[in-house]
Amino acid sequence: MALRYIEKRYIFLFLILSFLKSLQVVFIALITQRMINWISKPDLKYLLSLTAIALIGLVAFWIIGILYQRTYFIVIEKINYNIKSLASESLIFGNHQAVKADTSFFTNDLKAIEANKIEAELEIIINSIQFLTAVVSALIGSLPLTIVFMFASFLPGILQRLLGKNIEGKSENWDKSNSKYTENVKETEMFASSARLYNTETNLWKRFKVTAKQMESALMKLNFWQGFTNETITIMAYAAITIAPIALGVYLVSIKNITLGTLIMISQLSNNFVNPVITISAYFNDLKVAKPMWEKFERLTKDNNFQKSSSEEHRDLTSLEFRNVTVARGNKTIFENVSFNIEKGDKVLFVAPSGWGKSTLLNTLLGNLNIKSGDYLINGKNVVNNLKDTHNYFSYINQEPKLLDDTILYNITLGLPASKNSLDSVVKKAGLADLIDEKGFDFEVGKSGSNLSGGQKQRIEIARALFF
């Protein structure tokens, strides 16, 4: 459950307020019963007392309702924040390659979890409490009539289980289509200028529309099946829970087994049989919608015992050696039996045709990829079985500069403190002195460095590598 991602005191407070709020319908039903029964024995003073009690009670329930609403949304806020925090922490520190935690995951998938799982769990709790309080109260009025109402209310739940499986499957299809659409949006934005250059805007537009159509079609099928299921359950609920029990109640009144006031009271309470059951069934469908996204989140955060490194862990590199190293991705071998030895002070150039595995080799050195066989020695120590710390020996300059929408200073230091001497040194070595003199360290580079030239972006990447 998503509720495990919040402190227990908030859950306890939510349960208490949910229970108190559920008593509102019971209170009104009891007042109604007393007022209807008053007709048989009129007493003006008693009627005025009932009216006063009713008004005071409604004010009390108004206060309880406000407290409930505030607690409800605080619980949602805190769970949403904690889930986002955990997901981003696992993504940044855990280096998960098995889970595709892309832009679509952090926008669409997590939003679906918030809308269809977290709120669904809370609503299932409050509606279950309302159902139980209504049943207990109705039992006091008439045992036979309450039993009929209660058993009939379980029929929609049975129907929900029969129809809910299709919702889960259509949700998975929508999740895949939505992820593909989000990636297409990013690609279209990135490639629009090239399309204009080669007069292929129409083809790029058609490509985008195909993905948008697939996503909207998958969403329509999901929404329709949800709506179909909910409507079917609603009709079943009213047919089974309203018509038959009311007929029995009228009969019991006719033979004077119960009073008319008791029948009306139980009829009012029956709304808390019918409506919660219908609502719970609908929210169970929402849980099925969110299930694929929730499973992805749990895979991402399953192993959160990762070690957070710091700049103090960077170490001096004196020697680096590969001995018959083989690296594979799945069943495909990228390279095999690679051997070399590099000593401190050496400058080494790797030359090979495109696709040979140069980038894979560098990622292996950084510890981002596992070694299938062979030995990897740093300073004479074999690190094959402990690759998580190898990145502390390296700086790395990406072929495509990776910049944050922040200042030049932040993009160089990534938030670490830096002395003026160290900054001046790396700026000079990277050829950034003229830019810093003109713009200053606090200059905002823009999204992906959009405020800089291609050479300036690459020089900031080089300055970062030198700084670390």
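Heads up: these notes are all about the structure in this document. Bear in mind the structure is a predicted one, so any value in this text is a computation, not a measurement.

Conventions we followed
- Residues numbered from 1 in each chain as written.
- Predicted model: local features only at pLDDT ≥ 70, side-chain atom pairs only at ≥ 80, totals over all residues.
- Heavy atoms only, no water.
- Buried < 20%, exposed > 50% of the residue type's maximum accessible area, 1.4 Å probe, protein only.
- Helix = DSSP H or I, 4+ residues; strand = E, 2+ residues; numbered from the N terminus.
- Arc of directions from axis to C-beta.
- Contact = heavy atoms within 4.5 Å.
- Axes fitted to C-alpha atoms, helices over the stretch in contact; angles between N-to-C directions.
- Parallel < 35°, antiparallel > 145°, perpendicular 65-115°, else oblique.
- Left-handed = near helix turned anticlockwise from the far one by under 90°.
- Nonpolar A, V, L, I, M, F, W, Y, C, P; charged D, E, K, R; others polar.
- Phe/Tyr/Trp six-rings, centres within 6.5 Å; stacked < 30°, edge-to-face > 60°.
- Lys NZ or Arg CZ within 6 Å of the ring centre and 35° of its normal.
- Core = buried A, V, L, I, M, F, W, Y, C linked by side-chain atoms within 4.5 Å.
- Pairing = 2+ DSSP bridges.
- Expected span 1.5 Å × (residues − 1).
- Polar contact = N/O pair within 3.5 Å; in protein donor to acceptor, adjacent residues only side chain to side chain.
- Patch = residues over 30% accessible without salt bridge, like charges linked within 9 Å, V, L, I, M, F, W, Y side chains within 5 Å.
- Areas by Shrake-Rupley, 256 points an atom, 1.4 Å probe, with all protein chains shown as cover.
- Salt bridge = Lys/Arg side-chain N within 4 Å of Asp/Glu carboxyl O.

**A closer look at helix 8 (residues 358-365)**
And step 1. Considered for burial, the residues of helix 8 that qualify are T360, L361, T364 and L365. Looking straight down helix 8, one finds that the buried residues subtend no more than 140° of arc, so they occupy a single side.
And step 2. Residues of helix 8 that are buried make contact with strand 1 (319-329), strand 2 (332-343) and strand 3 (373-378).
And step 3. Positive backbone phi, approximately 90°, marks G367, located one or two places after helix 8.

**Let's talk about the packing of helix 10 (residues 420-430) against helix 12 (residues 454-467)**
And step 1. The N-to-C vectors of helix 10 and helix 12 enclose an angle of 135°; their axes lie 9 Å apart at closest approach. The pairing of helix 10 with helix 12 is recorded here as oblique in orientation. In the crossing of helix 10 with helix 12, the sense of the turn from one axis to the other is right-handed. Contacts between helix 10 and helix 12 involve S422, V426, K429 and A430 on the former and, on the latter, R459, I462, A463, L466 and F467.
And step 2. The residue makeup of the contact of helix 10 with helix 12, split by class, is 6 nonpolar, 1 polar and 2 charged.

**With respect to the packing of aromatic side chains**
And step 1. Evaluated as defined, the whole model comprises 16 aromatic pairs.
And step 2. Look at F322 and F340: their rings are 4.9 Å apart centre to centre, the planes differ by 25°, and that puts the pair in the stacked class. Linking F322 in strand 1 with F340 in strand 2, this pair joins segments that are 18 residues apart in sequence. The pair F322 / F340 is uniform in exposure class, with both members buried.
And step 3. By the ring-pair criterion, three or more aromatic residues cluster together here, those being F14, Y68, Y72 and F73.
And step 4. A cation over a ring is seen here: K117 above W294, with NZ or CZ 4.8 Å from the ring centre.
And step 5. Stacked on the ring of W205, the Lys or Arg K209 has its end atom at 3.7 Å from the ring centre.

**Details of the nonpolar core**
And step 1. In this structure, V75, I79, I83, I113 and F297 are the most contacted members of the largest nonpolar core, which totals 35 residues.
And step 2. Going through the elements one at a time, helix 1 (8-38), helix 2 (44-94), helix 3 (103-141), helix 5 (155-197), helix 6 (201-254) and helix 7 (260-301) are the ones with two or more residues in this core.
And step 3. Counting residues per element, this core draws most heavily on helix 3, at 9 residues.

**Thoughts on the pairing of strand 1**
And step 1. Two strands pair when backbone bridges link them, and strand 1 and strand 2 are joined in this way by 8 bridges, in the antiparallel orientation. Within strand 2, the residue paired with A328 across the bridge is T333.
And step 2. Following strand 1, the chain reverses through 2 residues before pairing antiparallel with strand 2; G330 in that reversal takes a positive phi of roughly 65°.
And step 3. Both strand 1 and strand 3 contribute to a ladder of 5 bridges, which runs antiparallel. Within strand 3, the residue paired with R323 across the bridge is D375.

**Description of helix 1**
Since the α-helix advances by 3.6 residues per turn, residues separated by three or four positions end up pointing in the same direction.
And step 1. When the terminal C-alpha atoms of helix 1 are compared, their 45 Å separation across 31 residues agrees well with the 45 Å that a helix rising 1.5 Å per residue should span.
And step 2. Listing the buried residues of helix 1 in full gives Y10, F14, L17, S18, S22, V26, F27, A29, I31, T32 and Q33.

**Observations regarding the side chain of S18**
And step 1. Note on placement: S18 falls in helix 1.
And step 2. On the basis of relative accessibility, which here comes to 0%, the residue S18 falls in the buried class.
And step 3. Within polar-contact distance, the side chain of S18 engages the backbone oxygen of F14 at 2.7 Å.
And step 4. The residues touching S18, leaving out its near neighbours within four places in the chain, are Y68, I126 and I129.

**Some details on a nonpolar patch on the surface**
And step 1. Together, V59, W62, I63, I66 and L67 line one region of the surface with nonpolar side chains, adding up to about 500 Å² of accessible area.
And step 2. Mapped onto the fold, L67 is located in helix 2.

**Observations regarding unusual backbone geometry**
And step 1. Phi at N337 is positive, roughly 55°, even though this residue is not glycine.
And step 2. One non-glycine residue with positive phi stands out, namely L414, at about 55°.
And step 3. If you trace the backbone, L414 turns up in the loop between helix 9 (408-413) and helix 10.
And step 4. Owing to a relative accessible area of 38%, L414 belongs among the partly exposed residues under this scheme.

**Topic: the pattern of salt bridges**
Between side chains of opposite charge, pairing is possible as soon as their charged atoms come close.
And step 1. Evaluated as defined, the whole model comprises 10 salt bridges.
And step 2. K84 is paired through a salt bridge with E114; the nearest N and O atoms lie 2.1 Å apart. With a gap of 30 residues between them, K84 in helix 2 and E114 in helix 3 connect regions that are remote in the sequence.
And step 3. Owing to a relative accessible area of 34%, K84 belongs among the partly exposed residues under this scheme.
And step 4. For E114, a relative accessible area of 9% corresponds to the buried category.
And step 5. Taking the shortest distance from any N to any O, the salt bridge between E438 and K439 comes out at 3.8 Å.
And step 6. With a relative accessible area of 39%, K439 lands in the partly exposed category.
And step 7. One salt-bridge network, in which partners are shared between bridges, spans K84, K111 and E114.

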